[in-house]
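A structural walkthrough
In case you want the letters, here they are:
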Amino acid sequence: MSEVSLPRTQHIIASGGIMLLGLWVAYISYSSEPAAAFLFPRLISSFFVVLATWTFVKACLGWSKVGGGLTGGSMMKLLPGLIVALIYVFWAAKGLGFYTATSVAFFALLTLYDPAPHTALKTWIKRILVTAGFMAVMYGLFAKLLKVYTPQEIFF
Amino acid sequence: MEFLYYFGDVFTPINFGLLMLGTIGGLILGATPGLSPTMAVALLIPFTFKMEPAQGLILLGAVYTSTVAGGAVSAILLKIPGAPANIATTLDGHVMAKNGQGTRALQLSFLSSAVGGLFGIFLLITLVQPLSDLSLVFGPSELFWLAILGVTVIGALDSRSLVKGLLAGCVGMWLGSIGYDDQLGVQRFIFHPALGGGINVIAALIGLFAIPQIITMFANGRIDNKAEVIRVEKHSILDAMKEMTQNVRAMTVGSLTGAIIGIIPGVGGQIAGLVAYDQTRKLSPNRDKFGTGHAEGVIAPESANNAMVGPSLVPLLTLSIPGSPTAAVLLGGLLIHGIFPGPDLFNNHPDVAWTFINSMLLGQILMCIFGLMIAGVAARVAQVPQSVMAAMVLGLAVFGSYSVQHSMADVYIMAVLGISMFFLERFGFSAAPLVLGLILGPIAESNYVQGAQIAAAQDGAFTYFLTGSLNLILVGIVAASIVYSAWMEMRGHRTTSKEEITS
């Protein structure tokens, strides 16, 4: 029973979130001035609200195809990777520098999701070599070839 | 025959080198499960910033073409389709490989891909010029409806749910309106400083196509995806060519099906392959042999999914309406070089347009040659663990979106859109109409505002936007796509989703 109801609950939350976004967009579009600048947003927000409300009502009444949703097991599997990715994107890339942060995030993700046993020394050496190889390619591509100036690195 | 005038431009050392690089890289990327052609092209756009427009497009076009064909390698040798377009190839191709005929299956796959691809590109060459000239008669009202048509058709046909498809299109158009209003310079929906410059299309494309795939790989956990690569034996290419000539029906059905499906916005390669497979089986006197390693079962889907590539670019290059997510990404690649498709492309940048198209023509042949040479290597690359793939794509997504404008705001936007899309995809929302809305929204708006100003000076908005034969045709197509999609949904015959196919 819980397997059936979990995706539906998630669906109601997702479609409810979209409906709230639609209402907010419509509110801003219709209340902001000058009206001429919001002519097109008013048009699309009207459709946005109608479609979002219809989706939400269907989700609540159980009329819509729910989709797979996310099971607790999948959520637990993706959570560590998502947390590493979020820290990397929203803090480490700027705070530590792109190359340092990417090295750490890459290595952390390899460690988290590599099916090879953590107890074998060979596995760790392989992970370090793969990380170093990837970073060398990224540095060559972005720093040398494309000349992309990234935020100051913490170590160099 | 204007395209022949620019044919030599493909053979300059840099252009030809990029074509080869894109073709070989695309074949390897295509063989890698989880790396779709759209995602591969989106991740490559930042690398084209410093190139000449034609060079950038050659690279992107070569990758697009060869990723579609490269997916057959893992479909045949690993029974894992590299892309949804190669699902039908698995049915007979892998059985052939298991029966010790892997090389034969690969040869048939690449030869039929090249034949279908060449047919599709010739169709593109035939159609672009007259359609591009036709688009010159379009005024603001027609261009407005054309942009709405692009979003609506994709929203109606590409998504699992009509309402969710159209809703995603609305969200995309709203995202496209964030930032400063072009006409009055007024701030709109800037609720965070990162949005001051609006949503950067390239960063959004990378986020919407790459990030959900990365999180999906996370959600699979610590899995070992090392499927056994079937060893291939020698097989004469001449025998494969002879076999192709004995299967003209499969090739014709595949190429025609792919071309027709390709030209319809929103339908896509996975459908082309499956429909071609099904139609060829129905027409074949050997229909009982399908599924047992039958040559027609490889030739039909592979010719179809490459025949789709050329025609899928017709709406983009002539009317500025991307007909597929990959075409939308290519539009992003054009826009960063200040080139707008449509009449402007063929009148003011014919060298860019024709060099790009010619490179795709030549790319089909190179893809066939290199495909046969590197199939074994590509199959081994396809075994790269998902952990490595996810970490690599994440790194590329962050560097790529940052390099667009050297701005962290683009990285944040990429991440927020990508994470949101991952969760929304679980509930039947699709990225394609959202991307189309994001790209076409500003086009629709500028024409809507212009049209409204003209209408105010004439007979009113209703008369201006809803009368005239072209307006009515476009409105009719919009309405027909919605009605058709609603009818299919009520009958429960919606387009099969990627997830449903690959599960």
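**Regarding the overall build of chain A**
A count of helical and extended segments in chain A gives five helices and zero strands. The order of helices and strands in chain A, counted from the N terminus, is α-α-α-α-α. Against the compact-globule benchmark of 15 Å for 156 residues, chain A has a radius of gyration of 23 Å, which places it well outside the compact range. The burial tally for chain A puts 33% of its 156 residues in the buried class. The long-range fraction of contacts in chain A, counting pairs at least 24 apart against all pairs at least 6 apart in sequence, stands at 65%.

**As for the overall build of chain B**
A tally of regular secondary structure across chain B gives 23 helices and two strands. Here chain B has a C-alpha radius of gyration of 22 Å; the compact-globule value for 503 residues is 23 Å, and the two agree. Reported as C-alpha extents along the three principal axes, the dimensions of chain B are approximately 70 × 55 × 45 Å. The 503 residues of chain B split such that 64% are buried. Restricting the contact set of chain B to residue pairs at least 6 apart, pairs at least 24 apart contribute 80%.

**A few points about helix α18 (residues 386-405) of chain B**
Residues and elements named next belong to chain B. Over its 20 residues, α18 runs 30 Å from end to end, which matches the ideal 28 Å to within 8%, given 1.5 Å per residue. Across the 20 residues that make up α18, a large majority, 18, are buried. Looking at the residues trailing α18, positive phi occurs at histidine 406, about 55 degrees.

**Description of unusual backbone geometry**
Residues and elements named next belong to chain A. The amide bond that connects glutamate 33 to the next residue, proline 34, takes the cis arrangement and shows omega of 0 degrees. Inspection of the secondary structure puts proline 34 in the loop between α1 (2-31) and α2 (39-61). For lysine 147, which is not glycine, the phi torsion reads 50 degrees and is therefore positive. Among the structural elements, lysine 147 can be located in the segment after α5 (121-145). Given 9 C-beta atoms within a 10 Å radius, lysine 147 is considered exposed.

**Focus on the interface of chain A and chain B**
Between chain A and chain B, the contact holds 53 residues from the first and 54 residues from the second. Those elements giving two or more residues to the side of chain A that touches chain B turn out to be α1, α2, α3 (72-95), α4 (98-113) and α5 of chain A. For the side of chain A that touches chain B, the leading source of residues is α2(A), giving eleven residues. Considered class by class, the residues forming the side of chain A that touches chain B number 38 nonpolar, eleven polar and four charged.

**Some remarks on the packing of α2(A) against helix α7 (residues 162-177) of chain B**
In contact at an axis separation of 9 Å, α2(A) and α7(B) are set at 145 degrees when each is read in the N-to-C sense. Where α2(A) crosses over α7(B), the two elements pack in a sense that is left-handed. Along its contact with α2(A), which presents Phe40(A), Pro41(A), Ile44(A), Ser45(A), Phe47(A), Phe48(A), Leu51(A), Ala52(A), Trp54(A) and Thr55(A), the element α7(B) presents Val163(B), Lys164(B), Leu166(B), Leu167(B), Cys170(B), Met173(B), Trp174(B) and Ser177(B). Split by residue class, the contact of α2(A) with α7(B) holds 14 nonpolar, three polar and one charged.

**Re the confidence of the model for chain A**
For chain A, the average pLDDT comes to 86, and 93% of its residues sit at 70 or higher. Taken element by element, chain A is modelled with least confidence in α1(A), mean pLDDT 83, and with most confidence in α4(A), mean pLDDT 92.

**Digging into the environment of Tyr6(B)**
All names here are of chain B. For tyrosine 6, the position within the fold is in the loop between α1 (2-5) and α2 (13-31). The spacing of tyrosine 6 and threonine 355 is 349 residues in sequence and 6.0 Å in space, taken between C-alpha atoms. In this structure tyrosine 6 touches Pro350, Asp351, Trp354, Thr355 and Asn358, once residues within four positions along its chain are discounted.

**Observations concerning the environment of Thr38(B)**
All names here are of chain B. When you line up the elements, threonine 38 lands in helix α3 (residues 37-44). Here the alpha-carbon distance between threonine 38 and alanine 307, two residues 269 residues apart in the chain, equals 17 Å. When near neighbours in sequence (up to four residues on either side) are disregarded, threonine 38 contacts Phe209, Pro325, Thr326 and Val329.

**Comments concerning the packing of α3(B) against helix α4 (residues 53-77) of chain B**
Residues and elements named next belong to chain B. Interaxial distance between α3 and α4 falls to 9 Å at its minimum, and their mutual angle equals 160 degrees. In this view, α3 runs roughly antiparallel relative to α4, as classed from their interaxial angle. When you trace α3 past α4, the crossing you get is right-handed. Together, Pro37, Ala40, Val41 and Leu44 of α3 and Leu59, Leu60, Val63, Tyr64, Thr67 and Val68 of α4 make up the contact between the two elements. Broken down by class, the residue content of the contact of α3 with α4 amounts to nine nonpolar, one polar and no charged.

**Description of helix α19 (residues 408-425) of chain B**
Here α19(B) contains 18 residues, and its C-alpha end-to-end distance of 26 Å stays within 8% of the 26 Å for a straight helix at 1.5 Å per residue. The buried fraction of α19(B) amounts to 13 of the 18 residues, a majority that puts the element mostly inside the structure.

**Notes on the environment of Gln101(B)**
With respect to the helices and strands, Gln101(B) occurs in helix α5 (residues 87-134). Between the C-alpha atom of Gln101(B) and that of Gly254(B), which follows or precedes it by 153 residues, the distance is 22 Å.

How each quantity is defined
Residues numbered from 1 in each chain as written. Chains lettered and ligands numbered in written order. Predicted model: local features only at pLDDT ≥ 70, side-chain atom pairs only at ≥ 80, totals over all residues. Helix = DSSP H or I, 4+ residues; strand = E, 2+ residues; numbered from the N terminus. Rg over C-alpha atoms; globule rule 2.2 N^0.38 Å. Buried ≥ 20, exposed ≤ 12 C-beta atoms within 10 Å, placed from the backbone. Contact = placed C-beta atoms within 7 Å. Expected span 1.5 Å × (residues − 1). Nonpolar A, V, L, I, M, F, W, Y, C, P; charged D, E, K, R; others polar. Axes fitted to C-alpha atoms, helices over the stretch in contact; angles between N-to-C directions. Left-handed = near helix turned anticlockwise from the far one by under 90°. pLDDT = per-residue confidence, 0-100. Parallel < 35°, antiparallel > 145°, perpendicular 65-115°, else oblique.

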